Amino acid sequence: MPVDRVALPDALVIDLRQLVMTIASAVDLVGVDDVLHGRRVGLLARELAIATGLGEADQVMLYDAGLLHDCGVSSTRVHRRLVVDLEWEGAGEHCLRGAALLGDFQPLAHLAPIVRHHHTRWQFLLNDPELPPEVALHANLIHLADRIDVLAAPHHAENGVLAHVGRIRDRLAAESGRLFAPRLVDAFVALCEGEAFWLALQPDSVHLYQTEMEAFDDPRTIDWGGFRHCADILARIIDAKSSYTERHSRGVARLARHVAERMGLDPVTCEKIEVAGLLHDIGKLQVPDEIIEGTTALSDHEFDIMKGHSYGTRQVLRRLPAIDDIARWAAYHHETPDGRGYPYHLRGDALPLEARIINVADIFQALAQARPYREPLAPARVIAILEERAEAGRADATVVAAVAADLDACHRAALCAES
Ligand SMILES: [Fe+2]
Ligand SMILES: [Fe+2]
Ligand SMILES: [Fe+2]
């Protein structure tokens, strides 16, 4: 089977703005039905920054911080909980997790302290001798933007947010000096007077705002090494969804690369297959925890929701045309040689070998890992299931044979065990 022609990763250049938007649209999936929370908080943060008199560099930086502030939330249950009360005692964990993820990625590490404190009360930030005053102000600005969105979001559906402006304003203004910096609250109260501030939160306006910000002139770019590192961080976000999926994406990536090498694919393709493995389940961030962690067979409706996840992966990665091949391999991971996979029903030459490898690695890793309804399966059982699938046209026979020929090493790769 022909291997897709691919550009050398060495030549890859990704615009940092596109990458930030890609991470943001992945993280926003955790909202399930409302997938614009981060993007609305970004918009609100930038408007608050402008109204507070902060400079242009801070405005853009705070837009990014708003987009990514909840990158430590992978669970749909936690996401739902964060939008119930103005303050929730369990909010601290996602701040720490988000700060650790961003702190580990140099191009976005400057956002880590802001994300770390985006649920900390202003009265505590003020008295923290370790925290530079501008970081305290920026973190508190995200906190305020986030809470504005939480109070306003329920009213966007019926297009009725304007009827609630007075109540939202008074509720937040009452926290001046305690939860929020008085300077920020004053800027917010002034913004409340314009209907445009609230109408900008409608989905169409949020998307347009995002498009404008995406086009914002920014010379920063990411090379292959940076992108690979970012893919690893996205995999950590995806796998943090449930204890049952811990290390799943990284295991699929490692196994897919191992199999690709065993099958003699060239080093560049092997490298790209590994990254496709890291990214294949981005769309799962939108699947409710209850479906991922269910102990009984999925209902038809639940299965329909599940089927959307690989398409979701494709949609998120559409923003990065430079990695279109990787995005397709990732999004085709539930396609099968008989054309009965989903969601594209590809078969024959239309289904690339790279995607077939990720498909087999995905099934292998899932079977080798515990699920709520069963223990991990032993390697012999895993390969027996894969061979049955290959015989029925539900998995690529050549790929399964390559796995069978090197079963123990494949098992170690799938579980990310040191070899
Ligand atoms: Fe948050
Ligand atoms: Fe939030
Ligand atoms: Fe998967």
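Here the structure is a predicted model, which is why all the values come from computation and not from measurement.

## Some details on the nonpolar core
And then number 1: In terms of nonpolar packing, the biggest core is built from 129 residues, with Leu19, Phe188, Trp198, Phe227 and Phe364 touching the most fellow members.
And then number 2: Here this core takes 11 residues from helix α8 (residues 133-152), the largest share from any one element.
And then number 3: Per-domain counts for this core show at least three residues from each of domain 1 (32-214) and domain 2 (223-414).
And then number 4: The residues contacting Phe188, other than those within four sequence positions of it, are Leu48, Leu144, Ile148, Ile168, Arg169, Leu172, Phe197 and Trp198.

## Here we look at the coordination of the iron ion (ligand 1)
And then number 1: Asp70 (OD), His94 (NE2), His118 (NE2) and His119 (NE2) make up the full set of protein donors to the iron ion (ligand 1), lying at 2.2 to 2.3 Å.
And then number 2: Around the iron ion (ligand 1) sit 4 donor atoms; with metal-centred angles ranging over 85 to 176°, the donor geometry is irregular.
And then number 3: Mapping the donors of the iron ion (ligand 1) onto the primary sequence yields the spacing D-x23-H-x23-H-H.
And then number 4: Separating the iron ion (ligand 1) from the iron ion (ligand 2) is a gap of 3.6 Å, which Asp70 spans by donating to each of them. Taken together, the positions of Asp70 in the loop between α3 (56-68) and α4 (76-82) and His119 in the loop between α6 (112-116) and α7 (122-126) put the pair 49 residues apart, joining distant regions of the chain.
And then number 5: Exposure remark for His119: the relative accessible area of 16% places this residue in the buried category.

## Quick word on the state of the cysteines
And then number 1: This structure, assessed with the given rule, holds 0 disulfides.
And then number 2: We note that Cys230 lacks a disulfide partner, and the nearest cysteine sulfur, in Cys71, lies 11 Å from it.

## Focus: helix α10 (residues 182-192)
And then number 1: All of the buried residues along α10 are Leu184, Val185, Ala187, Phe188, Leu191 and Cys192. Buried residues of α10, seen end-on, are gathered within an arc of 160° and therefore sit on one face of the element. Exposed side chains of α10 directed beyond 90 degrees from the buried face belong to Asp186 and Ala190.
And then number 2: Where α10 is buried, its residues contact α2 (37-52), α8, α9 (165-173) and α11 (195-199).

## A short note on the coordination of the iron ion (ligand 2)
Angles between donor atoms at a metal ideally measure 109.5 degrees for a four-coordinate tetrahedral arrangement and either 90 or 180 degrees for a six-coordinate octahedral one.
And then number 1: On the protein side, the iron ion (ligand 2) has His37 (NE2), His69 (NE2), Asp70 (OD) and Asp146 (OD) as donor atoms, found 2.1 to 2.2 Å from it.
And then number 2: Coordination geometry of the iron ion (ligand 2): the 4 donor atoms subtend angles of 81 to 178° at the metal centre, consistent with an arrangement described as irregular.

## Focus: the side chain of Arg39
And then number 1: Relative to the assigned elements, Arg39 resides in helix α2.
And then number 2: Taking the relative accessible area as the measure of exposure, Arg39 reaches 6% and is therefore buried.
And then number 3: What Arg39 contacts, discounting residues up to four positions off in sequence, is Ser25, Asp28, Leu67, Val206, His207 and Gln210.

## Side note on the packing of helix α15 (residues 267-279) against helix α18 (residues 324-331)
To characterise two packed helices, one gives the angle between the axes of the helices and the distance between these axes.
And then number 1: One can describe the packing of α15 onto α18 by two numbers: an axis separation of 8 Å at closest approach and a directional angle of 55°. For the element pair α15 / α18, the angle class is oblique. Helix-helix and strand crossings are classified by hand; for α15 and α18 the assignment is right-handed. Here Thr269, Lys272, Ile273, Val275, Ala276 and Leu279 of α15 come into contact with α18, specifically with Asp325, Ile326, Trp329 and Ala330.
And then number 2: Of the residues assigned to the contact of α15 with α18, the class counts are 7 nonpolar, 1 polar and 2 charged.

## Details of the confidence of the model for the protein chain
And then number 1: Residues of the protein chain with pLDDT of at least 70 account for 98%, and the chain-wide mean is 94.
And then number 2: Counted against residues more than four places away or in other chains, residues 1-6, with its pLDDT under 50, gives 17 contacts.

## Details of the packing of helix α19 (residues 353-368) against helix α21 (residues 397-404)
And then number 1: Remark: α19 packs on α21, axes separated minimally by 9 Å, with the N-to-C direction vectors making an angle of 50°. The pairing of α19 with α21 is recorded here as oblique in orientation. As for the relative orientation of α19 and α21, their crossing is right-handed in sense. Contacts between α19 and α21 pair Leu353, Arg356, Ile357, Val360 and Phe364 from the former with Val399, Val400 and Val403 from the latter.

## Description of the pattern of salt bridges
And then number 1: Using the criterion set out here, one finds 33 salt bridges in the structure.
And then number 2: Between Arg40 and Asp34 there is a salt bridge, with the nearest N and O atoms lying 2.8 Å from each other.
And then number 3: Overall, Arg40 belongs to the buried group, its relative accessible area being 4%.
And then number 4: For Asp34, a relative accessible area of 29% corresponds to the partly exposed category.
And then number 5: Close ionic contact of Glu274 with Arg257 constitutes a salt bridge, the shortest N to O distance being 2.5 Å. In this pair, Glu274 sits in helix α15 while Arg257 sits in helix α14 (residues 248-262), placing the two residues 17 residues apart along the sequence.
And then number 6: Connected through shared salt-bridge partners, Arg228, Arg257, Glu261, Glu271 and Glu274 make up one network.

## So, helix α5 (residues 92-103)
And then number 1: Under the 1.5 Å per step criterion, the end-to-end length of α5 is 16 Å for 12 residues, consistent within 8% with the ideal 16 Å.
And then number 2: Considered for burial, the residues of α5 that qualify are His94, Cys95, Gly98, Ala99, Leu101 and Leu102. For α5, the buried positions fall inside an angular range of 160° around the axis, keeping them on one side.
And then number 3: Looking at the buried residues of α5, the elements they touch are α3, α4, α6 and α13 (224-239).

## Some remarks on the side chain of His333
And then number 1: Among the structural elements, His333 can be located in the loop between α18 and α19.
And then number 2: Here His333 falls in the buried class, since its relative accessible area comes to 1%.
And then number 3: Engagement of the side chain of His333 in a polar contact is seen with the side chain of Asp281, the distance being 3.3 Å.
And then number 4: With residues near it in sequence (within four places) discarded, His333 still touches His280, Asp281, His309, Ser310, Ile358, Asn359 and Asp362.

Quick notes on the rules
Residues numbered from 1 in each chain as written. Chains lettered and ligands numbered in written order. Predicted model: local features only at pLDDT ≥ 70, side-chain atom pairs only at ≥ 80, totals over all residues. Heavy atoms only, no water. Core = buried A, V, L, I, M, F, W, Y, C linked by side-chain atoms within 4.5 Å. Buried < 20%, exposed > 50% of the residue type's maximum accessible area, 1.4 Å probe, protein only. Helix = DSSP H or I, 4+ residues; strand = E, 2+ residues; numbered from the N terminus. Domains from an automatic or database assignment. Contact = heavy atoms within 4.5 Å. Donors = N, O, S within 2.8 Å, 3.2 Å for Na, K, Ca; no water. Tetrahedral: all angles 85-135°; square planar, octahedral: opposite > 155°, others 65-115°. Disulfide = S-S within 2.5 Å. Arc of directions from axis to C-beta. Axes fitted to C-alpha atoms, helices over the stretch in contact; angles between N-to-C directions. Parallel < 35°, antiparallel > 145°, perpendicular 65-115°, else oblique. Left-handed = near helix turned anticlockwise from the far one by under 90°. Nonpolar A, V, L, I, M, F, W, Y, C, P; charged D, E, K, R; others polar. pLDDT = per-residue confidence, 0-100. Salt bridge = Lys/Arg side-chain N within 4 Å of Asp/Glu carboxyl O. Expected span 1.5 Å × (residues − 1). Polar contact = N/O pair within 3.5 Å; in protein donor to acceptor, adjacent residues only side chain to side chain.

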